Structure formats: C-alpha cells, structure tokens
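Per-entry structural report
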Amino acid sequence: MTALIRIALAVLFLDELVVGFWNHAFPENFYKNFPTVALTPPFSEHYARDFGGATLGLAVVLGIALVAPRAVFTIPAAAAFSTFAIPHFFFHVTHLDHATRGEAVFLTAANAVVALLGLLVIALTLVRDARHRRRHGVERPRSGTASG
C-alpha cells in the first residue's frame with residue numbers, strides 16, 4: 001500500500017515541480033506553450049509567477065511526503081494539493097467555451113486524474129494505517145474523552 005501511496009505522490013510531486021518551475025521561471029513561455037492555458041486570457045506575469053511559486057510550495061510538501069510517507073506528512077500534503085486541484089478541476093469543467101473537443105477532453109481528464117490522486121493518497125494512507133493498527137493491536141487514542 002505504501003508503494004501505491006508513493007507512486008501517487010511521485011506523480012503529483014513531478015506534476016507540481018514541472019508546472020511550478022516552468023510557470024515561475026518562464027511565465028510567458030508557460031502561457032504560450034502549456035496546453036490550454038491561453039484559453040483563459042489575459043496573461044499576467046504577476047499571477048503566473050505567484051501561481052508558479054505556490055505550485056512549487058505544493059511540490060515541497062508533496063516531496064516531503066514522498067520521502068517519508070507517514071500519515072503526518074501524506075495527509076496534509078494531499079489535502080493541500082486537493083484544496084487546489086478539486087476547485088481547479090471544476091473551474092476548467094465550467095470554462096470550456098473556447099476549447100476544441102480534444103482540448104476539452106484533455107483538460108477534463110487530466111484535471112480529474114490529478115484531483116482524484118490527491119484524494120486517493122488520503123484514502124490509501126487511512127486504510128494502510130488502520131490495517132497496521134489492527135494487525136499490531138494498536139488502539140487509536142480517543143480524543144475528548146476523560147480518563148477514568
């Protein structure tokens with residue numbers, strides 16, 4: 001299960017690293033050449049660099065979770081990514097007016113896959129850790145209960 005978590009994290013990490021670096025370091029090139037970005041003009045260097053920097057920040061936390069795939073890292077990293085990716089998916093689904101059929105399919109599929117990968121990391125981590133607790137007889141501490 002940890003291997004699946006790591007694979008999903010690696011995909012998200014590489015996605016964020018490449019997109020973030022490209023957008024931050026070469027914002028005009030990113031705008032002109034990244035598939036479908038030009039569908040939502042106008043270009044803003046400030047927003048492009050800010051988005052690139054924020055994306056690199058997500059890559060950092062995803063990279064930490066990839067190296068040390070413990071729940072304390074994987075769940076916050078995947079939740080942070082999903083906080084971006086899920087609304088991003090819905091934005092693109094509702095802004096396909098100027099897209100060709102191929103662009104619309106690409107945008108919808110690509111954004112759905114990465115949005116679901118973030119949620120998958122959370123789910124796999126929870127399942128893996130619950131199995132570990134059951135196998136090893138480890139009880140989760142109950143929060144909010146007074147000890148007796």
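Residues numbered from 1 in each chain as written. Predicted model: local features only at pLDDT ≥ 70, side-chain atom pairs only at ≥ 80, totals over all residues. Heavy atoms only, no water.

The subject of this paragraph is the overall build of the chain. In terms of regular secondary structure, the chain is built from five helices and zero strands. Ordering the α and β elements of the chain from the N terminus gives α-α-α-α-α. The C-alpha atoms of the chain give a radius of gyration of 18 Å, which is well past the 15 Å a tight globule of 148 residues would have. Considered along the principal axes of its C-alpha atoms, the chain spans approximately 60 × 30 × 30 Å. (Helix = DSSP H or I, 4+ residues; strand = E, 2+ residues; numbered from the N terminus. Rg over C-alpha atoms; globule rule 2.2 N^0.38 Å.)

According to the stated counting rule, one finds two salt bridges in the structure shown. One salt bridge connects Arg-49 with Glu-45, and the closest N-O pair in it is separated by 2.8 Å. With Arg-49 and Glu-45 both in helix H3 (residues 45-67) and four residues apart, this pair spans about one turn of that helix. For Arg-49, a relative accessible area of 31% corresponds to the partly exposed category. (Salt bridge = Lys/Arg side-chain N within 4 Å of Asp/Glu carboxyl O. Buried < 20%, exposed > 50% of the residue type's maximum accessible area, 1.4 Å probe, protein only.)

Ile-5, Leu-9, Leu-12, Leu-62, Phe-81 and Val-121 are the most contacted members of the largest nonpolar core, which totals 18 residues. Every element with two or more residues in this core is listed here: helix H1 (2-25), H3, helix H4 (71-93) and helix H5 (101-136). (Core = buried A, V, L, I, M, F, W, Y, C linked by side-chain atoms within 4.5 Å.)

Bringing the packing of aromatic side chains into the picture now. Under the definition given, this model contains eight aromatic pairs. Ring plane angle 65° and centroid distance 5.7 Å describe the contact between Trp-22 and Phe-34, whose orientation is recorded as edge-to-face. Of this pair, Trp-22 sits in helix H1 while Phe-34 sits in the loop between helix H2 (27-33) and H3, and the two are 12 residues apart along the sequence. Classification of Phe-34 by relative accessible area gives partly exposed; the value is 26%. For the ring pair Phe-30 and Phe-34, a centre distance of 4.8 Å and an interplane angle of 20° mean the geometry is stacked. Each residue in the set Trp-22, Phe-30 and Phe-34 is aromatic and connected to the rest through ring pairs, giving one cluster. (Phe/Tyr/Trp six-rings, centres within 6.5 Å; stacked < 30°, edge-to-face > 60°.)

This next bit is on the packing of H4 against H5. The geometry of H4 relative to H5 is characterised by a closest axis approach of 8 Å and an angle of 155° between their N-to-C directions. Comparing the axis directions of H4 and H5 gives the class roughly antiparallel. Between H4 and H5 the crossing geometry is left-handed. In the contact of H4 with H5, the residues fall into 17 nonpolar, eight polar and two charged. (Axes fitted to C-alpha atoms, helices over the stretch in contact; angles between N-to-C directions. Parallel < 35°, antiparallel > 145°, perpendicular 65-115°, else oblique. Left-handed = near helix turned anticlockwise from the far one by under 90°. Nonpolar A, V, L, I, M, F, W, Y, C, P; charged D, E, K, R; others polar.)

Another aspect to go through is the side chain of Ser-82. For Ser-82, the position within the fold is in helix H4. Classification of Ser-82 by relative accessible area gives buried; the value is 6%.

On the surface, a cluster of nonpolar side chains totalling about 270 Å² of accessible area is made up of Leu-4, Ile-7 and Val-11. The class of Ile-7 is exposed, set by a relative accessible area of 53%. (Patch = residues over 30% accessible without salt bridge, like charges linked within 9 Å, V, L, I, M, F, W, Y side chains within 5 Å. Areas by Shrake-Rupley, 256 points an atom, 1.4 Å probe, with all protein chains shown as cover.)

Bringing the confidence of the model for the chain into the picture now. For the chain, mean pLDDT is 91; residues scoring 70 or higher make up 93% of the total. Predicted confidence is poor over residues 144-148, with pLDDT under 50, and the contacts of this stretch with residues over four places away or in other chains come to zero contacts. (pLDDT = per-residue confidence, 0-100. Contact = heavy atoms within 4.5 Å.)

A few words on unusual backbone geometry. A positive phi angle, close to 75°, is found at Thr-36, a residue other than glycine. Structurally, Thr-36 can be placed in the loop between H2 and H3. Its relative accessible area of 11% is what places Thr-36 among the buried residues.

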